[in-house]
Amino acid sequence: MSNEKLNIAVLLPCYNEAATIGEVVRGFRKALPQAAIYVYDNNSTDGTALHAMLAGATVVRERRQGKGHVVRRMFADIEADIYLMADGDGTYAPEDGEELIRTLLTEGSDMVVGTRRNVRNDAGRQGHAFGNRIFNWLYRSIFGADFTDIFSGYRCFSRRFVKSFPAVSGGFEIETEMSVHASRLKLPVSELELDYGRRPEGSHSKLSTFRDGGKILWMFAMLMKETRPFAFFGILSAVAMELSIGFSIPVFIEYFETGQVLRMPSWMLSLALTMIAFMLFTAGIILDSVARARAEQLRIHYMSLPRPSSRESEDDRAVYMAEIDKPASRKKRAKAA
């Protein structure tokens, strides 16, 4: 049996968050004194790295621009038993990290998502709130009803989730990819509703309603193609077949009336669309088998990694749960609530 505590890593991807990152790091150091805190600076120009370093975090620079690149680097570099990821903008309360970790341990989950209670008040930008509702509905329609807030940046992961997650996104879409990965492999996940704060004075959102919305829609399409190819290509096949029928109907009507095919271009286009429809349908069937094989390989790799509740970590879990259940810790959580 191990006598050491669970190794917890707090991950903070940042881009130009000098106004808030120092306070965020100090908050996590106070809430989780046993955790190692990592700030990955994504080419900030406002002194974010210096503020994080002075607050006591380990700072690493990631030159490739985009949150997806930062998260991929974090997951590859850092070794831990539990990973807690948050944003550096101060909108998530560090005190809630204990509850996310507690939920991960007690429910045996591989990912716990801190859903945002007041997300509609995000800097008063109603476009973001409306888009959030639309994309969450679209996600549930395509990939399943595992999540109600796929864009939350406050998440807790097990080691086997992090080390089996093939991150390919480059930007803000990384949270969507995480959710799809969990849904695709049917991993045990949990949600915990938490308060979502507003950015303080001097801190500004990096999101663009239309640009990032377009990127997310594209990511939805690509993830659907990779994980549900039969449905993806089946829809395209149905569209092609409907267009084919639409072009062929006037040709058939004219043929039955006159006995001649006078609209030869329309007839040729209809035949071409019919062939395309069958090719897309066939591609969907073949790629569906490939996608199933890839999912099986991912699942096998995932299962080869140690479980959060493995026997060798039972003492560690007991020590940690006892520590966060101390009266001082309970008093701190009650005050935060």
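Calculation criteria
Residues numbered from 1 in each chain as written. Predicted model: local features only at pLDDT ≥ 70, side-chain atom pairs only at ≥ 80, totals over all residues. Heavy atoms only, no water. pLDDT = per-residue confidence, 0-100. Contact = heavy atoms within 4.5 Å. Salt bridge = Lys/Arg side-chain N within 4 Å of Asp/Glu carboxyl O. Helix = DSSP H or I, 4+ residues; strand = E, 2+ residues; numbered from the N terminus. Buried < 20%, exposed > 50% of the residue type's maximum accessible area, 1.4 Å probe, protein only. Pairing = 2+ DSSP bridges. Core = buried A, V, L, I, M, F, W, Y, C linked by side-chain atoms within 4.5 Å. Axes fitted to C-alpha atoms, helices over the stretch in contact; angles between N-to-C directions. Parallel < 35°, antiparallel > 145°, perpendicular 65-115°, else oblique. Left-handed = near helix turned anticlockwise from the far one by under 90°. Nonpolar A, V, L, I, M, F, W, Y, C, P; charged D, E, K, R; others polar. Phe/Tyr/Trp six-rings, centres within 6.5 Å; stacked < 30°, edge-to-face > 60°. 1 Å grid on protein atoms, 1.4 Å probe; cavity = no way out; pocket = protein on both sides within 12 Å on 5 of 7 lines; lining within 4 Å. Points joined across faces, edges and corners; volume = space filled by probe spheres on them.

### Structural notes on the confidence of the model for the protein
Parts of the model with low pLDDT should not have their predicted coordinates read in detail.
Reasoning step 1: Model confidence for the protein is summarised by a mean pLDDT of 85, while 82% of its residues fall at 70 or above.
Reasoning step 2: Segment residues 309-313 is flagged for pLDDT under 50; beyond a separation of four residues in sequence, or across chains, it makes seven contacts in the model.

### As for the pattern of salt bridges
Reasoning step 1: Scanning the model with the defined rule gives 13 salt bridges in all.
Reasoning step 2: A salt bridge links Arg159 to Glu79, with the shortest nitrogen-to-oxygen separation between them at 2.6 Å. In this pair, Arg159 is assigned in helix 6 (residues 159-162) and Glu79 in the loop between helix 3 (67-77) and strand 4 (82-85), connecting sequence segments 80 residues apart.
Reasoning step 3: Measuring nitrogen to oxygen at the nearest pair gives 3.5 Å for the salt bridge that ties Glu79 to Lys163.

### A look at the pairing of strand 4
Reasoning step 1: Side chains of strand 4 alternate between two faces, with Ile82 and Leu84 and Tyr83 and Met85 buried alike.
Reasoning step 2: Alignment of strand 1 (residues 8-14) against strand 4, held across four bridges, turns out to be parallel. Across the sheet, the residue bridging to Ile8 is Ile82, located in strand 4.
Reasoning step 3: With four bridges connecting them, strand 4 and strand 6 (residues 155-158) associate as antiparallel partners. Paired with Ile82 across the two strands is Ser158, which belongs to strand 6.

### What to know about the nonpolar core
Reasoning step 1: Within the largest apolar cluster, 43 residues are counted, with the highest numbers of intra-cluster contacts made by Leu11, Phe75, Tyr83, Met111, Phe157, Phe161 and Met178.
Reasoning step 2: With five residues, helix 8 (residues 209-227) is the single largest residue contributor to this core.
Reasoning step 3: Filtering out sequence-adjacent residues up to four positions away, Met178 remains in contact with Val71, Phe75, Met85, Met111, Arg155, Phe157, Phe161 and Phe165.

### Quick look at the environment of Ile276
Reasoning step 1: Along the polypeptide, Ile276 turns up in helix 10 (residues 264-304).
Reasoning step 2: Overall, the relative accessible area of 41% leaves Ile276 in the partly exposed class.
Reasoning step 3: As for Ile276 and Ser237, which are separated by 39 residues in sequence, their C-alpha atoms are 7.3 Å apart.

### Considering the packing of helix 9 (residues 229-258) against helix 10
To characterise two packed helices, one gives the angle between the axes of the helices and the distance between these axes.
Reasoning step 1: Packing of helix 9 against helix 10 brings their axes to within 8 Å, and their N-to-C directions diverge by 165 degrees. Relative to helix 10, helix 9 is oriented roughly antiparallel. For the pair helix 9 and helix 10, the sense of crossing is left-handed.

### Some details on the sheet that holds strand 5 (residues 111-116)
Reasoning step 1: Taken together, seven strands build an open sheet; the order of strands is 3-2-1-4-6-5-7 and the sheet is mixed. At either end of the open sheet lies a strand with only one pairing partner, and these are strand 3 (58-61) and strand 7 (189-194). The mean inter-strand angle of the sheet, taken between neighbouring strand axes irrespective of direction, is 20 degrees.
Reasoning step 2: Across the sheet, helix 3 is in contact with strand 1, strand 2 (36-41), strand 3, strand 4 and strand 6; its angle to strand 1 comes to roughly 155 degrees.

### A closer look at the packing of helix 3 against helix 7 (residues 174-184)
Reasoning step 1: The N-to-C vectors of helix 3 and helix 7 enclose an angle of 55 degrees; their axes lie 9 Å apart at closest approach. Our classification of the angle between helix 3 and helix 7 gives oblique. Only Ile174, Glu175 and Met178 of helix 7 make contact with helix 3, whose side of the interface consists of Lys67, Gly68, Val71 and Phe75.
Reasoning step 2: Here the contact of helix 3 with helix 7 is built from residues that sort into four nonpolar, one polar and two charged.

### Observations regarding the environment of Arg63
Reasoning step 1: Looking at the element boundaries, Arg63 is found in the loop between strand 3 and helix 3.
Reasoning step 2: The exposure class of Arg63 is exposed, given its relative accessible area of 62%.
Reasoning step 3: If near-sequence neighbours (up to four positions away) are discounted, Arg63 is found in contact with Asn42 and Asn43.

### A word on the packing of aromatic side chains
Reasoning step 1: In this structure the tally under the stated criterion is 18 aromatic pairs.
Reasoning step 2: Here the aromatic rings of Phe252 and Trp267 are separated by 5.4 Å at their centres, their planes lie at 85 degrees, and the arrangement is edge-to-face. Of this pair, Phe252 sits in helix 9 while Trp267 sits in helix 10, placing them 15 residues apart in sequence.
Reasoning step 3: Among the aromatic side chains, those forming a connected cluster through ring pairs are Phe135, Tyr139, Phe143, Phe147, Phe151 and Phe220.

### With respect to the layout of surface pockets
Reasoning step 1: Space inside the second largest pocket adds up to approximately 440 Å³.
Reasoning step 2: Along the walls of the second largest pocket sit 16 residues, with Arg184, Lys186, Thr227, Arg292 and Ala295 positioned nearest its centre.
Reasoning step 3: It is helix 10 that provides the largest number of residues to the lining of the second largest pocket, a total of six residues.
Reasoning step 4: Split into classes, the residues belonging to the lining of the second largest pocket amount to seven nonpolar, two polar and seven charged.

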